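Descriptive structure summary
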Amino acid sequence: RKEVEQDPGPFNVPEGATVAFNCTYSNSASQSFFWYRQDCRKEPKLLMSVYSSGNEDGRFTAQLNRASQYISLLIRDSKLSDSATYLCVVSGSARQLTFGSGTQLTVLP
Amino acid sequence: EAQVTQNPRYLITVTGKKLTVTCSQNMNHEYMSWYRQDPGLGLRQIYYSMNVEVTDKGDVPEGYKVSRKEKRNFPLILESPSPNQTSLYFCASTPQGEGDTQYFGPGTRLTVL
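Throughout what follows, the structure given in this document is the object of discussion. Here the structure is a predicted model, which is why all the values come from computation and not from measurement. (Residues numbered from 1 in each chain as written. Chains lettered and ligands numbered in written order. Predicted model: local features only at pLDDT ≥ 70, side-chain atom pairs only at ≥ 80, totals over all residues. Heavy atoms only, no water.)

Structural notes on the packing of aromatic side chains
Each pair of aromatic rings is reported with the distance of its centres and the angle of its planes. Applying the stated criterion to the full structure yields 12 aromatic pairs over all chains. A centroid spacing of 6.3 Å and a plane angle of 70° characterise the contact between A:Phe34 and A:Tyr36, whose relative ring orientation is edge-to-face. On the basis of relative accessible area, A:Phe34 is assigned to the buried category, the value being 3%. On the basis of relative accessibility, which here comes to 0%, the residue A:Tyr36 falls in the buried class. By way of ring pairs, the aromatic residues A:Phe34, A:Tyr36, A:Phe99, B:Tyr35, B:Phe90 and B:Phe104 are connected into one cluster. Above the plane of the ring of B:Phe74 lies B:Arg68, whose end atom (NZ or CZ) is 6.0 Å from the centre. (Phe/Tyr/Trp six-rings, centres within 6.5 Å; stacked < 30°, edge-to-face > 60°. Buried < 20%, exposed > 50% of the residue type's maximum accessible area, 1.4 Å probe, protein only. Lys NZ or Arg CZ within 6 Å of the ring centre and 35° of its normal.)

Given below as structure tokens:
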């Protein structure tokens, strides 16, 4: 079983749609959680950290459920520029990050 | 400009010919790491360094070496590259503190024939 699992997609949605990505992780001792965005084989960039209480950044909302070891990302009012691969990332001790293999999103005009 | 740089960006080489991919950061970060990214497998950590002269293996260290003689530089060395090391490589750095953002370099696309 992979340590961090994501639905690879692809998700093809129309502009303005709401789309949700899910991620599960296997290590219950994981301490920090993130969503990264990666455009077409470029470097990953931090989209947002994920906190236990849930957090929002504009059109993006992240949720964490430690009991179920589950992380989610919700994108509202999708834009063409949101097209990318979204990586779920989990950190344990010593800042070692474990990456999911990513969920590909294409927002269609 | 705060950044992580990698060189070369693209490299095609042959089996067994030693190569080094350089990584440099200008943000005075303590922590640096190397990842490889392969289709369907995501990013996997090769080696990391908590500080100067402190390095440790990640998830897939076989066939790679690293060194950290200076804070800003963290080169990745392939002593005898093989075709299964064909991949996209990313260097990253992180400031002190758990859970801080990892700043990634632009990537090095390596092909070993």
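This is not the end of the story, as more comes after the structure.
Here's the deal with the interface of chain B and chain A
Listed by partner, the interface residues are 27 residues for chain B and 22 residues for chain A. For the pair chain B and chain A, the two sides together bury roughly 2000 Å², of which 48% comes from carbon and sulfur. Connecting chain B to chain A are two residue pairs in polar contact (both at pLDDT 80 or more). Those elements that place two or more of their residues in the side of chain B that touches chain A are β4 (31–38), β5 (42–51) and β9 (87–94) of chain B. Top contributing element to the side of chain B that touches chain A by residue count: β5(B), with five residues. Residue composition of the side of chain B that touches chain A, by class: 12 nonpolar, 12 polar and three charged. (Contact = heavy atoms within 4.5 Å. Buried area = accessible area lost by both parts, 1.4 Å probe. Polar contact = N/O pair within 3.5 Å; in protein donor to acceptor, adjacent residues only side chain to side chain. Helix = DSSP H or I, 4+ residues; strand = E, 2+ residues; numbered from the N terminus. Nonpolar A, V, L, I, M, F, W, Y, C, P; charged D, E, K, R; others polar.)

Thoughts on the side chain of B:His29
All names here are of chain B. Mapped onto the secondary structure, His29 falls in the loop between β3 (19–25) and β4. Reaching out from His29, the side chain makes a polar contact with the side chain of Ser93 at a distance of 2.8 Å. What His29 contacts, discounting residues up to four positions off in sequence, is Arg68, Lys71, Ser93, Thr94, Pro95 and Tyr103.

Things to note about the nonpolar core
Of all hydrophobic cores here, the largest spans 23 residues; its most connected members are A:Phe21, A:Trp35, A:Ile71, A:Leu73, A:Ile75, A:Tyr86 and A:Leu105. When residues of this core are traced back to their parent elements, those giving at least two are β3 (19–25), β4 (32–38), β5 (45–50), β7 (60–65), β8 (70–75), β9 (84–91) and β11 (103–108) of chain A. Excluding residues within four positions of it along the chain, A:Phe21 makes contact with A:Phe11, A:Trp35, A:Ile71, A:Ser72, A:Leu73, A:Ile75, A:Tyr86, A:Thr103 and A:Leu105. B:Val60, B:Val66, B:Leu78 and B:Cys91 belong to the second largest nonpolar core, which has 19 residues in total. (Core = buried A, V, L, I, M, F, W, Y, C linked by side-chain atoms within 4.5 Å.)

Looking at the layout of surface pockets
When its volume is computed, the largest pocket comes out at roughly 290 Å³. Lining the largest pocket are 18 residues; nearest its centre among them are A:Arg41, A:Thr85, A:Ser101, B:Gln37 and B:Gly40. Put simply, the parts of the chain that give the lining of the largest pocket at least two residues each are β9 and β11 of chain A together with β4 of chain B. Grouping the amino acids of the lining of the largest pocket by side-chain chemistry returns five nonpolar, nine polar and four charged. Of the voids in this model, the second largest pocket is the one considered here, and its volume is about 230 Å³. A:Thr98, A:Phe99, B:Leu41, B:Leu43 and B:Arg44 are the residues nearest the centre of the second largest pocket, which is lined by 15 residues in total. Secondary-structure elements contributing two or more residues to the lining of the second largest pocket are β10 (97–99) of chain A together with β5 of chain B. Looking at the lining of the second largest pocket, the element that brings in the most residues is β5(B), giving four residues. (1 Å grid on protein atoms, 1.4 Å probe; cavity = no way out; pocket = protein on both sides within 12 Å on 5 of 7 lines; lining within 4 Å. Points joined across faces, edges and corners; volume = space filled by probe spheres on them.)

A closer look at the sheet that holds strand β1 (residues 4–7) of chain B
Residue and element names in this part refer to chain B. The strand order across the open sheet formed by four strands is β1-β3-β8-β7, and the pairing between neighbours is antiparallel. Pairing within the sheet leaves two strands with one partner each, and these edge strands are β1 and β7 (65–66). Taken together, the four bridges between β1 and β3 define a ladder with antiparallel strand orientation. Its bridge partner lying in β3, Thr5 is registered against Ser24. (Pairing = 2+ DSSP bridges.)

None of the figures reported here should be taken as evidence of function without further support.
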